[in-house]
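Architecture at a glance
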Amino acid sequence: MNILLLRPHPGNDQFGLGPFFRIEPLGLEYIGAALLERGHSVTIADLRFRPHAAAWVRRSRPRLVGISCLHALEYDRVLEIAREVRRATPDAFIVVGGHAAAAFCEPLEHDDIDAIVIDDGEEVVPTLAEVIEKGGRLEEVPALRLKTPDGWITTPSLAGRTCLDLVPLPARDLVARHRFGYHCLLFKPVWLIETARGCPHRCSFCSVWQLYDQSFRERSIGAVVEDFATTGDAIFVADDLFWNNPSRSFELASALKRRGIFKRWILVQTRTDVICGNSGLLEAWRPLAKDFDIFLGLEAASDGGLAGLTKDAGVRESVDAVRIARSLGYGINGNFLVDPDWTEDDFRELWDFVALHGLQRAGYTVLTPLPGTEFYRKVSSRLAGQPWSNFDMHHLLWEPHLGAKRFFELYAETWRRSILNTSGDKSLMDWIRQVRPSQIPYIARVLWRTQKMMKPGAYLREYEVTRPCAAKSLPCGAPHAG
Ligand code: B12
């Protein structure tokens, strides 16, 4: 059967560094591998490079079209693509899946979509393809929200969590034509590798543990080593929580070394307390790449702030983790969450913390109730009418405590204190001196774009344009109605 898998362009990405992190659609590549194994003919089209879904439909003549929806900010875009596909091929079966679709599927329950996969795709999509091909009962395909003549229904769950070794390696050849388009800032091309999935922790803003019931699954060492051995020099590790299982992580590092694997760059994401308890593990991993960066969810500058996010770690761990990682030669990138309900003092506390611990490489996002979290359920009545593209963590979804104007002044000032501010401690010339001549135009573009994040007026204009109509009639500073 001909199957077309589509990765949408996320749409509104004018704030943040989204366009400078273009990562391969690994979920679709695993699903692609599972489908190829069953003898199907699979095309993956990355619409971030060639946007017209209808052209891909004409070329691949699919009976089944899968659209991925990784982030909540993509819901509206996914619906537009489903509409375009439906017009181009009215008889094809259209299924949507991916993190945001599985974590919160309601916005996708629309006539142009036939089903939504609410669990991992590599087990469900091949079963779905088989049932469509043989004309079986769709209600028996597990883990679906399914459109029926009587409305949307939920099919039975999978028997258990999908074993990650069900599909040992992704079908990366299916995106070979886009390989040189996948990059993280200056690292190009970049490969995305998954060694484990899920997280046992319970941070209130995160939808991952809530989707996977705090489970944590690992791929076998052999499969991961093979994946590292057959990919390129710059690796983004997709794991929600790297180094979570120390003994297995030691074993993986040894197996990679035995195979002679050495990369130019590796990026992993982990928690501060994982680093504090495992400096030996970090020592074992460090020789595996020339540059090795860690992305840390630092989130808040005080124990109270961290407790409010159910982080289950304190600022002591943040400070120690940064010290340990730096002493071993890791680069630290992090992120802090800025709460719309903050006072002026909260901003100052964050600035002082960043300055004291030299965290100017960290970034900042607006604390956002992401669909699929308890936090979202609690505040959803305040969010009525918000376009989904605003759920990118750079938009305000309700009027902040300080009023939008003052909030954005302080938010922009927070960014001005980062190394991205070319009028700050690190000038444009300092950046340019660090890169090769051929990279200068690109780094100039990145910096030009990021200066916008330091301009309160840019946020304020966007806020006025994109907030729901009902809220627009309120004077600035007045709380939004329900
Ligand atoms: C890689 C990644 C990115 C990359 C690239 C994403 C991209 N555009 O391609 C970058 C770094 C750019 C990124 C950015 C952001 N991200 Co992101 N990202 C991830 C991450 C870490 C891994 C995704 C991945 O590839 N996993 C590995 C593959 C194998 O798994 P998978 O994608 O889940 O695929 C499986 C299933 O979902 C399903 N499936 C997947 N696709 C499909 C399609 C079909 C048709 C079907 C049936 C099934 C299916 O089957 C697959 C195989 O089992 C996830 C974490 C996560 N656990 O999902 C966060 C995550 C998706 N990101 C998140 C967020 C919040 C963001 C940002 C908003 C963060 C920010 N501070 O700005 C930005 C948004 C950028 C933008 N404007 O688009 C949140 C989303 C939460 C939500 N509910 O919306 C997540 C869940 C992280 C988190 N802990 O909260 N992200």
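Rules used in this analysis
- Residues numbered from 1 in each chain as written.
- Predicted model: local features only at pLDDT ≥ 70, side-chain atom pairs only at ≥ 80, totals over all residues.
- Heavy atoms only, no water.
- Donors = N, O, S within 2.8 Å, 3.2 Å for Na, K, Ca; no water.
- Helix = DSSP H or I, 4+ residues; strand = E, 2+ residues; numbered from the N terminus.
- Near = heavy atom within 4 Å.
- Polar contact = N/O pair within 3.5 Å; in protein donor to acceptor, adjacent residues only side chain to side chain.
- Nonpolar A, V, L, I, M, F, W, Y, C, P; charged D, E, K, R; others polar.
- Domains from an automatic or database assignment.
- Core = buried A, V, L, I, M, F, W, Y, C linked by side-chain atoms within 4.5 Å.
- Buried < 20%, exposed > 50% of the residue type's maximum accessible area, 1.4 Å probe, protein only.
- Contact = heavy atoms within 4.5 Å.
- Salt bridge = Lys/Arg side-chain N within 4 Å of Asp/Glu carboxyl O.
- Buried area = accessible area lost by both parts, 1.4 Å probe.
- 1 Å grid on protein atoms, 1.4 Å probe; cavity = no way out; pocket = protein on both sides within 12 Å on 5 of 7 lines; lining within 4 Å.
- Points joined across faces, edges and corners; volume = space filled by probe spheres on them.
- Pairing = 2+ DSSP bridges.

Four donors placed tetrahedrally about a metal ideally form angles of 109.5 degrees, and six donors placed octahedrally ideally form angles of 90 or 180 degrees. Among all protein atoms, only H71 (NE2) binds the cobalt atom of the ligand, sitting 2.5 Å from it. Checked against the element boundaries, H71 lands in the loop between β4 (64-68) and α3 (75-88).

This part takes up the site of the ligand. Around the ligand, 40 residues are found, and the nearest of them are R7, H71, G121, E122 and D240. Measuring from a nitrogen atom of the ligand, one finds a side-chain N or O atom of R7 at 2.9 Å. Between the ligand and the protein, one listed contact pairs an oxygen atom with a backbone N or O atom of G121 at 2.8 Å. Secondary-structure elements contributing two or more residues to the shell around the ligand are α1 (26-37), β4, β5 (93-97) and α5 (121-134). Among the residues forming the shell around the ligand, the class breakdown is 21 nonpolar, eleven polar and eight charged. Here the shell around the ligand spans two domains, and each of domain 1 (2-154) and domain 2 (171-472) adds at least three residues to it.

A separate point is the nonpolar core. Ranked by size, the top nonpolar core spans 112 residues in total, and within it L6, L108, W243, W285 and I294 carry the most contacts. Here this core takes seven residues from helix α15 (residues 404-416), the largest share from any one element. Counting residues domain by domain, this core receives three or more from each of domain 1 (2-154) and domain 2 (171-472). Apart from the residues within four sequence positions on either side, W243 is in contact with S249, V268, T270, V274, L281, L282, W285, F292, I294 and Y330.

Time to look at the pattern of salt bridges. Counted under the stated rule, the structure contains 39 salt bridges. Between E218 and R248 there is a salt bridge, with the nearest N and O atoms lying 4.0 Å from each other. Of this pair, E218 sits in strand β12 (residues 216-218) while R248 sits in helix α8 (residues 246-258), and the two are 30 residues apart along the sequence. The class for E218 is partly exposed, based on a relative accessible area of 27%. Residues joined in a network through salt bridges with shared partners are D120, E122, E194, R197, R217 and R219.

Turning next to the domain arrangement of the chain. If you check the domain split of the chain, you get domain 1 (2-154) and domain 2 (171-472). On a C-alpha basis, the centroid separation for the pair domain 1 and domain 2 is 27 Å. Every contact between the two is made by 40 residues of domain 1 and, on the other side, 46 residues of domain 2. Summed over both sides, the interface between domain 1 and domain 2 buries roughly 3900 Å², with carbon and sulfur atoms accounting for 62% of that surface. Put simply, domain 1 and domain 2 have six salt bridges between them.

What follows covers empty space enclosed by the protein. Summed over all chains, the structure comprises two cavities of 30 Å³ or more. Lining the largest cavity are T195, A196, F216, E218, D239, L241, F242, W243, N244, N245, R248 and S249. Within the residue set of the lining of the largest cavity, elements represented by two or more residues are β12 and α8. Broken down by class, the residue content of the lining of the largest cavity amounts to five nonpolar, four polar and three charged. For the second largest cavity, the full set of lining residues is H394, H395, L396, F408, Y459, E462 and Y463. Here the element with the most residues in the lining of the second largest cavity is helix α18 (residues 456-466); it accounts for three residues. Taken together, the residues of the lining of the second largest cavity sort by class into four nonpolar, two polar and one charged.

Here we come to the pairing of strand β7 (residues 144-148). Most of β7 sits inside the fold, with four of its five residues counted as buried. Of the pairings in the sheet, the one linking strand β6 (residues 115-117) to β7 comprises three bridges and is antiparallel in character. In the strand pairing of β7, A115 is matched with L146. Sheet topology note: the β7/strand β8 (residues 151-154) ladder contains four bridges and is antiparallel. Note on β8: the bridge partner recorded for R145 is T154. Two successive antiparallel strands, β7 and β8, enclose a turn made up of two residues.

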